[in-house]
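# Residue-level structure breakdown
Listed below are the residues making up each chain.
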Amino acid sequence: METVSLINCMNETVDPCEDFYEFACGMFETNYPYYSDTNENSWITIMSLKIKHRVKKFLDKENEINEPNAVHKTRKFYQACLNSTEDQISKNYDPLRDVWEKVGLNTDYLNDSVPLEIETILARLKLYFNLDMFFDIDIEDDPRNSSSHSLLIIDQIWESNKYKKKNKMKTNKVDIDESLPKFTEYFNLLIDKLLNRNQPYVKKLKFEDLTNTTNELVEFEDKFSQVQRNTFSFINEIAEVVTLEEFQNFTDTVGDQFKFNWTLYLRELTRDIQPKVYEILTSGNANSYELLVRNRDYLNDAFKLLSQTPTIIIKMSILTKVLTILDSRFPSGEKLNSEQCFALTSEYFGMVTGYSMIDTLDNSSKAALAEMTDNIKWALRKMVNEASWMDNETKNATLRKLANTKTFFGYPENYDKIINNLLENLTVTDNLIENILSVSLLSMASNWKYLTEDRNWENQTWDVTPGEVNAYCYNSMNAFFMPAAILQSPLFKNGIQALNYGATGSTIGHELSHNYDNTGRLYNELGNVAQWWSNRSYEEYTKRTSCLISHYNDIEIVSHNKSFVVNGVLTLDENIADIAGLKEAYYAYRRYVDVHGQEPRLPGMERYSQEQLFFLGYANQYCYYDDGDSQFDNFNSHSPNVVRVRGVLSLSQEFAKAWSCPIGSPMNPKKEKCQIW
């Protein structure tokens, strides 16, 4: 962390033992005003905008001979988007016209006499536009054997209730019989435009206005949003394995008036991108085909609601969503601006745009990261060995898992090969719409190839793009990823290791600890869900997590004159990772000092010891401002940033000692300091 950015965030008039967040971050809002139009700012926002600028320069560059061919294809896609004039787009609707007709959305769609072939429509919307409605479908590692091929998973879909926010549930009742003609006329105008008919000029359409045409549609959207919220699971569930027949019986039972043929849907979905799966689904073995299902409560209530909803409302709901998506991806005869083209390119070619980060980590940075990771793993081994509540059987199993944990930093070593293989079968033309449809199909086929292929973790293609300012733990892989984008200043490459360990070190510890949080502990060293701890250790672990839940449930935050309470159950996994990750990073830094000797004081901040700088580095990464309080969302699995500083450090004896915080002060309360390790 650069000295200037650290100092600029601090409010040294505040006693660090009273409120360390305000001490470390009190001047952040003043000295780092908005960097975006989202009324929020953080180091993540600032770094993301810097990366965005870097990627744009990368896309605007001339092709170089030694670059991967995938980079050249990506630039061609970007330029085809920038060069698409209104006239060119209007003439190039043929690919979209074909897809539109295939999906089954034509001018007869809203007629009562036309049946709702929802399986075909939803399958093709997923296939061509990666659009999920009413449920989410994807692939996930088999929890019984993560190294084998993956399985399809049916899960909850999550969307904010934008309809209620925009329309505020208007009280004037509009009858469906009165509104449908208007809706149909509106839709037919769009059809004419999309199909490139000789349609006179149509003013720019606002698709959210479709929800105003009938109160019944607004009410359905509101009820669906309530289903999402009411059935939201506060616990990270392990998906259950069911047969296609079992799942069909389940949805038939709960949605008795809404029969959804899952076999037909999956056939439509896999015919072109997964012929081996399609073959199974058209054979006599279809009923025994295995799926993963998560959150049955949601699926139960969603299908009940669909069963109680008139077909015309379901049709209109599908159209409302589809047309909104199409408007953003396929402009109706209008030229896309550079921001839209950048967003499209990043969405479809994120792994390739991440190539702009190549060589951002020099050899000294890689060596520092390797040593830091070794020290953090050493610290976790120390914590496990010293845990009095774990028996030897559980300790040994935990240490084996730790020894087998894989770490991925920056970008893949075989980056050129990975992205070339990824786009090997993609042909990019000057036709924007044709390109979008081609890359959509290719992306889905590439992602879903593991339905019939076993994964090879040793040659794992990075699912995390190097240009993303974030970090991820993969329980089924027993691994974590730290992309190059988050390994940049001011969170890394700092003048002294005290700050590096406080910020980046605690993040590495955080991701490593996710393998042993309340969800990660269910996965063994191979990434399979299994009983690998003793019953006694499980019981003792649960007692400690109960203490943490109580600790966080008691935390109330006031922001912009509004009060918020933390949900200790929802945030449990992230809180465990925060607390353990900080402790690991602290012990790791102590080990670094033991090997290399005490670091010199930081110029301009000589008044602070190295251990104090470590905790400043930890806190500074969470400096944050949000005018809309979105970080206090009741469905956010992370505690608010202010709690990730105050709540975590108030449990740390090492912090209290470093800052000489008296017992009973807000940052060193008298109550029990809950710890797993």
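Each residue is numbered by its place in its chain's sequence as written, counting from 1. The predicted nature of this model means local features are confined to residues of pLDDT at least 70 and side-chain atom pairs, given and counted, to a pLDDT of 80 or more, with totals for whole chains, interfaces and linings taken over all residues. The side-chain quantities take in all heavy atoms of the structure and omit both hydrogens and water.

### Notes on the overall build of the chain
Basically, it comes down to this: Working definition: helices are DSSP H or I runs of at least four residues, strands are E runs of at least two. Numbering for both runs from the N terminus. The contact rule is simple, with two residues in contact once any of their heavy atoms fall within 4.5 Å.
Secondary structure assignment for the chain yields 28 helices and eleven strands. Contacts spanning at least 24 positions in sequence make up 75% of the contacts within the chain whose residues lie at least 6 apart.

### A look at the nonpolar core
The nonpolar side chains of a soluble globular protein tend to be buried with one another. The test is simple: The criterion is simple. A nonpolar core is a set of buried Ala, Val, Leu, Ile, Met, Phe, Trp, Tyr and Cys residues joined through side-chain atoms within 4.5 Å. Throughout this description, buried means an accessible area under 20% of the type-specific maximum (1.4 Å probe, protein chains only), exposed means over 50%, and partly exposed covers the range between.
Formed by 134 residues in total, the largest nonpolar core has its most connected members in F20, L613, F615, L616, W659 and W677. A per-element tally of this core places helix α25 (residues 572-596) first, with twelve residues. With sequence-adjacent residues up to four places away left out, F615 is seen in contact with F20, L582, Y586, L649, S652, E654, F655, A658 and W659. In terms of nonpolar packing, the next biggest core, distinct from the first, is built from 65 residues, Y128, V293, L299 and V322 among them.

### Topic: the sheet that holds strand β7 (residues 472-474)
The condition that has to hold: For two strands to count as paired, DSSP must find a minimum of two bridges between them. Helix axes use the C-alpha atoms of the stretch in contact, all axes being lines fitted to C-alpha atoms, and the angles between their N-to-C directions lie in the range 0 to 180 degrees.
Here three strands make up an open sheet; going across it, the order is β6-β8-β7 and the pairing mixed. Two strands bound the open sheet, and with one partner strand each, they are β6 (406-410) and β7. Ignoring strand direction, the axes of neighbouring strands in this sheet form an average angle of 15°. Sheet analysis places β6 next to strand β8 (residues 479-483), joined by five bridges and oriented parallel. When the sheet's bridge partners are listed, G410 is paired in β8 with P483.

### Looking at the sheet that holds strand β5 (residues 290-293)
Spatial strand order, β2-β3-β5-β4: four strands in an open sheet with mixed pairing. The strands lining the two open edges of the sheet, one partner per strand, are β2 (136-140) and β4 (240-243). For this sheet, the mean angle separating the axes of adjacent strands, direction not counted, is 35°. Pairing geometry for β4 and β5, over four bridges, is antiparallel. Bridging from a neighbouring strand, V242 pairs with L291 of β5. Contacts from helix α15 (residues 296-307) reach β3 (151-155), β4 and β5 within the one sheet, and its direction differs from that of β3 by about 60°.

### Here's the deal with the pattern of salt bridges
Note the threshold: What counts as a salt bridge is simple: a side-chain nitrogen of Lys or Arg found within 4 Å of a carboxyl oxygen of Asp or Glu.
For the structure on display, the rule yields 21 salt bridges. Here K61 makes a salt bridge to E64, at a shortest N to O gap of 3.2 Å. With a relative accessible area of 36%, E64 lands in the partly exposed category. E140 is paired through a salt bridge with R294; the nearest N and O atoms lie 2.7 Å apart. Here R294 lies in the loop between β5 and α15 and E140 lies in strand β2, a separation of 154 residues in the sequence.

### What about the side chain of D132?
The condition that has to hold: Contacts described as polar in this section are N or O atom pairs within 3.5 Å, which, within protein, must combine one atom able to donate a hydrogen with one able to accept it, while residues neighboring in sequence count only if both atoms come from side chains.
As for its placement among the helices and strands, D132 is situated in the loop between α8 (118-129) and β2. Using a relative accessible area of 13% as the deciding quantity, one classes D132 as buried. In terms of polar contacts, D132 uses its side chain to reach the side chain of K126, at 3.0 Å. At a separation of 3.4 Å, a polar atom in the side chain of D132 contacts the main-chain amide nitrogen of I137. Discounting residues that sit within four places of it in the chain, D132 has contacts with K126, I137, I157 and K321.

### Considerations on the packing of α25 against helix α26 (residues 610-620)
The geometry of a pair of packed helices is captured by two quantities: the angle between their axes and the separation between those axes. Note the following rule: When the near helix sits turned anticlockwise from the far one by under a right angle, the crossing is termed left-handed; a clockwise turn instead gives a right-handed crossing. Gly counts as polar in this scheme, as do all residues outside two lists: the nonpolar Ala, Val, Leu, Ile, Met, Phe, Trp, Tyr, Cys and Pro, and the charged Asp, Glu, Lys and Arg.
Closest axis-to-axis distance for the α25/α26 pair is 11 Å, and the angle between their directions is 150°. Between α25 and α26 lies a crossing whose hand is right-handed. Listed contacts from α26 to D578, L582, A585, Y586, Y589 and R590 of α25 are Q610, E611, F614, F615 and Y618. Its residues assigned to classes, the contact of α25 with α26 comprises seven nonpolar, one polar and three charged.

### Considerations on the environment of Y552
Checked against the element boundaries, Y552 lands in helix α24 (residues 535-553). Given the relative accessible area of 1%, Y552 is considered buried. It is 8.6 Å that separates the C-alpha atoms of Y552 and V565, two residues lying 13 residues apart in sequence.

### Considerations on unusual backbone geometry
Cis rather than trans, the peptide bond between S489 and P490 has omega equal to 10°. When you line up the elements, P490 lands in the loop between β8 and α23 (497-513). You will see that F134, though not glycine, has its phi angle at about 75°, which is positive. Relative to the helices and strands, F134 is located in the loop between α8 and β2. Despite not being glycine, D359 shows a phi value in the positive range, around 70°. The topology assignment puts D359 in the loop between α18 (350-353) and α19 (363-386). Classification of D359 as exposed rests on a relative accessible area of 64%.

### Looking at the confidence of the model for the chain
To keep things clear, this is the line we draw: Scored between 0 and 100, pLDDT is the confidence that the predictor attaches to each residue.
A residue-level look at the chain finds 86% of positions with pLDDT of 70 or above and a mean pLDDT of 87. Looking over the chain, one finds the lowest element-wise mean pLDDT in helix α9 (residues 162-167), namely 37, and the highest in helix α2 (residues 20-25), namely 98. Predicted confidence for residues 160-172 stays below pLDDT 50, and this span has 19 contacts to residues more than four positions away or in other chains. Long-range and interchain partners of residues 197-205, a stretch whose pLDDT sits below 50, account for eleven contacts in this model, where long-range means more than four residues apart.

### Details of the packing of aromatic side chains
Stated formally: To pair, rings of Phe, Tyr and Trp, with the six-membered ring standing in for Trp, must have centres within 6.5 Å; the planes then decide the type, stacked if under 30 degrees apart, edge-to-face if over 60, and tilted in the middle. Charge-over-ring contacts are defined here by two conditions on Lys NZ or Arg CZ: a distance within 6 Å of the ring centre and an angle within 35 degrees of the ring normal.
Scanning the model with the defined rule gives 49 aromatic pairs in all. Between the aromatic rings of F77 and Y348, the centroid separation amounts to 6.3 Å while the plane-to-plane angle is 65°, which identifies the pairing as edge-to-face. Taken together, the residues span a long stretch of sequence, with F77 in helix α5 (residues 69-83) and Y348 in helix α17 (residues 338-348) at a distance of 271 residues. Y348 carries the same exposure label as F77, and that label is buried. Between F258 and F260, the aromatic rings sit 6.5 Å apart at their centres with planes inclined by 25°, giving stacked as the arrangement. For the residue pair F258 and F260, the accessibility class agrees, reading buried in each case. Above the plane of the ring of F342 lies K56, whose end atom (NZ or CZ) is 5.5 Å from the centre.

### Looking at the packing of helix α11 (residues 215-230) against α15
Put simply, the rule is: Here is the rule for angles: anything less than 35 degrees is roughly parallel, anything more than 145 is roughly antiparallel, 65 through 115 is roughly perpendicular, and the remaining ranges are oblique.
Relative orientation of the contacting elements α11 and α15 amounts to 165°, with a least axis distance of 9 Å. The angle between α11 and α15 falls in the class roughly antiparallel. For α11 against α15, the interelement crossing comes out right-handed. Where α11 approaches α15, its residues F220, K223, F224, V227 and Q228 are matched on the opposing element by Y298, D301, A302, L305 and L306. For the contact of α11 with α15, a count of residues per class yields seven nonpolar, one polar and two charged.

### A word on α8
To keep it simple, the criterion reads: The span expected for a helix works out to 1.5 Å for each residue beyond the first.
Between its terminal C-alpha atoms α8 stretches 16 Å, which fits the 16 Å expected from twelve residues at 1.5 Å a residue. With eleven of twelve residues buried, α8 lies mostly within the body of the structure. Within α8, the full set of buried residues consists of I118, E119, T120, I121, L122, A123, L125, K126, L127, Y128 and F129. Where α8 terminates, the next one or two residues include N130, which has phi positive at roughly 50°.

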